[in-house]
Amino acid sequence: MSNLVYILNGPNLNLLGKRQPHIYGHETLADIEADCARLAAELGLEIRLLQSNHEGQIIDWIHEARTDACGIVINPGAFTHTSVAILDALNAFEGAVIEVHISNVHKRESFRHHSYVSLRADGVIAGCGTQGYQFGLRRVAMLAATAKA
Ligand code: DQA
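What this report covers is the structure whose coordinates are included nearby. Here the residue numbering is sequential within each chain, running from 1 through the sequence in written order. Since the coordinates come from a predicted model, pLDDT governs what is reported: local features require at least 70, and pairs of side-chain atoms require 80 or more to be given and counted, while whole-chain, interface and lining totals use all residues. As a convention, hydrogens and water are excluded, and side-chain values are obtained from all of the structure's heavy atoms.

On to the overall build of the protein chain, then. Put simply, DSSP marks the helices as runs of H or I at least four residues long and the strands as runs of E at least two long, and each gets a number from the N terminus on. Across its full length, the protein chain holds 5 helices and 5 strands. When the helices and strands of the protein chain are listed from N to C terminus, the series reads β-α-α-β-α-β-α-β-β-α. Against the 2.2 N^0.38 benchmark of 15 Å for 149 residues, the protein chain shows a C-alpha radius of gyration of 14 Å, consistent with a compact globule. With respect to the three principal axes, the spread of C-alpha positions in the protein chain is 40 × 30 × 25 Å. Each residue is assigned to one of three classes by its accessible area relative to the maximum for its type, calculated with a 1.4 Å probe on protein chains only: buried under 20%, partly exposed between the two thresholds, exposed over 50%. Relative to its full complement of 149 residues, the protein chain shows a buried share of 48%. Throughout, a contact is declared for two residues whenever any of their heavy atoms are within 4.5 Å. The contacts of the protein chain with a sequence gap of at least 6 include a subset with a gap of at least 24, amounting to 77%. Total accessible area on the protein chain is roughly 7200 Å²; 50% of this is exposed by carbon and sulfur atoms. Counting rule for charge: Lys and Arg are taken as positive, Asp and Glu as negative, and neither His nor the chain ends is counted. Taken as the charge location is NZ of Lys, CZ of Arg, CG of Asp or CD of Glu. One finds the centroid of the 12 positive side-chain charges in the protein chain at a distance of 5 Å from the centroid of its 15 negative side-chain charges. Throughout, the radius of gyration refers to the C-alpha atoms, and the reference size of a globule is 2.2 Å times the residue count to the power 0.38. What sets the accessible areas is the Shrake-Rupley method with a 1.4 Å probe; for residues, cover comes only from the shown protein chains.

Structure representation (structure tokens):
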């Protein structure tokens, strides 16, 4: 089984560090990638961190993960609350899926309280800041090891 984990990021997450830092913090996606790469090495995993503002691109990467990856950590951004298509793509993926939100979406506007992706996710992490990605990676490592055993 592959030891590759896709870390997928949806719209506007390319602006992390600059966008609403009081909500999303000062770390950039490059910082998250560096932190996750260090942790992945400890866990015996590899990562591929990707970001797109386009729903179809995210779906194409999920399809790619079907053959390439043992797990997906995904922060779908606003597509969380709108995208049945991303949910369908994740339903076609057999490995572990952990949904991550930097902010605590449940403390925010009510339209952020519903997630299509949560209908598939094996776990959901919200409100832990950018550390949530590392928690997600650890959980994928555990679930992937259990699936192998
Ligand atoms: C987010 C929360 C979403 O509601 C929002 O649209 C985002 C980021 C988060 O990481 O907290 O873009 O997924």
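Our next topic: the sheet that holds strand β3 (residues 71-75). Spatially, the 5 strands line up as an open sheet ordered β2-β1-β3-β4-β5, and their pairing is parallel. The outermost strands of the open sheet, each flanked by one partner alone, are β2 (46-51) and β5 (123-126). Recorded for the sheet is a direction-independent mean angle of 15° between the axes of neighbouring strands. A pair of strands is treated as paired once DSSP finds two or more bridges between them. Sheet topology places strand β4 (residues 96-101) next to β5; 4 bridges connect them, and they run parallel. Considered in β5, the bridge of His101 is made with Ala126. Angles shown run from 0 to 180 degrees and are taken between the N-to-C directions of axes, each axis being a line fitted to C-alpha atoms and, for helices, limited to the stretch in contact. Helix α2 (residues 29-43) rests against β1 (4-9) and β2 of the sheet, and its axis sits at about 165° to β2.

None of this, on its own, says anything about what the molecule does.
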